[in-house]
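# A structural walkthrough
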Amino acid sequence: MPGKALVLSLHGGVGTGKNFVSRVLSEHVFRRGEKSKFFHAFYSTHHFPHSEDVTLYKRQLRGWIRGNVSLCSHSMFVFDEMDKMPAGLVDVLTPFVDHHPEVDGVDYRQAIFLFISNDFSTEINKKTFETRQAGRQRLDLAVRDFDSFLQRGSFNTEGGLWRSSMIKKNVIDFHLPFLPLERSHIKQCASAELKRRNITVTDNKLVQVAAELQFFPEGHEIYSKHGCKRIEKAIDLLFCHDTAC
């Protein structure tokens, strides 16, 4: 039995794999993955759109978490768009994810909480590029190279974790950076999507897909501006003119 619920905060630009990791993790936990009734996704702009209603949201969220973990101790909760979430809302979760064997008769230690944010992508991208310019490999970078500034930044930046008790009490297990994707990663994404559509994969097709995307920084064009986000549209444009694929 773990000592507390698993809490991960995922940071990085669009299309870098944050939601992909959420899906993979759900598939390891549940037979039906994200389709499981014990997988719960919240989108800040949809579920919590009004900052003035944060008290109501807290009451609803507290009841939702408690009710679902009571039904399944391995419940998984994903909070997307953390950078747009009303400040203070997630503090209602702090007792559930702290080191308590139970809270009001419910054991939360096997539950999973993911926080997903586009915050700090500029800083992550800058550090990744500087590492490359210094002659080091991206694989040389470790979570510890980012954790403290992501934690500090989340605490001091307006958004879901601003001045949060979750950070004060160190109940977030890891602040994980998602690095910008290079052309090799884009080709892997494109290859997987082509295979999913039963389209024959060739090097030429992968080059064509990558050519439809924008890369940065200017003068170097190393990293995809939107990660793998626009690959499906690029494949539609290039290979699906007259047929559904």
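Structure's up top.
The notes below deal with the structure included here. Treat the numbers as computed from the prediction; the structure is a model and nothing was measured.

## Let's talk about the side chain of N68
The residue N68 is located in helix α3 (residues 54-71) in this model. Those residues in contact with N68 that lie beyond four places of it in its chain are H40, S75 and F77.

## Section: helix α8 (residues 183-196)
With 14 residues, α8 should cover 20 Å at 1.5 Å per step; its first-to-last C-alpha distance of 20 Å lies within 8% of that length. Every buried residue belonging to α8 is among I186, A190, S191, E193 and L194, and all of these are buried. Among the residues trailing α8, N198 stands out with phi positive, at a value near 60 degrees.

## Concerning the sheet that holds strand β4 (residues 112-117)
Spatially, five strands are ordered β2-β3-β4-β1-β5 in an open sheet, and the strand pairing comes out parallel. Each end of this open sheet is capped by a strand with a single partner; those strands are β2 (39-43) and β5 (174-178). With direction set aside, neighbouring strand axes in the sheet form an average angle of 20 degrees. Direction of pairing for β2 relative to strand β3 (residues 76-80): parallel, over a ladder of five bridges. If you follow A41 over to β3, its bridge partner there is V78. Packed on one face of the sheet, helix α1 (residues 18-29) meets β1 (6-12), β2, β3, β4 and β5 and runs near 165 degrees to β4. This element, α3, spans β2, β3 and β4 of the sheet and lies at about 150 degrees to β3.

## Describing the state of the cysteines
Scanning the model with the defined rule gives one disulfide in all. Sulfur-sulfur distance for the disulfide between C189 and C228 comes to 2.0 Å. Looking along the S-S bond of the C189-C228 disulfide, the torsion reads about 80 degrees, which is the right-handed sense. With C189 in helix α8 and C228 in the loop between β7 (223-224) and α10 (231-239), this residue pair connects regions lying 39 residues apart in the sequence. Taking relative accessible area as the criterion, C228 reaches 18% and is therefore assigned buried.

## Remarks on the packing of helix α5 (residues 121-133) against helix α6 (residues 144-156)
Put simply, α5 and α6 touch, their axes get as near as 11 Å, and they point 155 degrees apart. Viewed along their axes, α5 and α6 adopt a mutual orientation that is roughly antiparallel. Once α5 is placed against α6, the crossing between them reads as right-handed. Residues E123, I124 and K127 of α5 pack against D145, F146, F149 and L150 of α6.

Rules and cut-offs
Counting from 1, residues in each chain are numbered in the order their sequence is written. It should be noted that, the model being predicted, local features are given only for residues of pLDDT at least 70 and side-chain atom pairs only at 80 or more, the latter also being counted only at that level, while totals for whole chains, interfaces and linings use all residues. Water and hydrogen atoms play no part in the side-chain values, which are based on all heavy atoms of the structure. Per the convention used, a helix needs a DSSP run of H or I reaching at least four residues, while a strand needs a run of E reaching at least two, with both numbered from the N terminus. Here a residue-residue contact requires only that any non-hydrogen atoms of the pair lie within 4.5 Å. Working rule for helices: expected span equals 1.5 Å times residues minus one. Only protein chains enter the area calculation, which uses a 1.4 Å probe; residues under 20% of their type maximum are buried, those over 50% are exposed, and those in between are partly exposed. Between any two strands, pairing holds if DSSP finds at least two bridges. To define axes, lines are fitted to C-alpha atoms, for helices over the stretch in contact only, and angles between the resulting N-to-C directions are given on a 0 to 180 degree scale. By definition, disulfides here are pairs of cysteine sulfur atoms that lie within 2.5 Å. Any angle between 65 and 115 degrees counts as roughly perpendicular, while under 35 counts as roughly parallel, over 145 as roughly antiparallel, and the rest as oblique. Crossing handedness is defined as follows: a turn of the near helix away from the far one that is anticlockwise and smaller than a right angle gives a left-handed crossing, while the clockwise case is right-handed.

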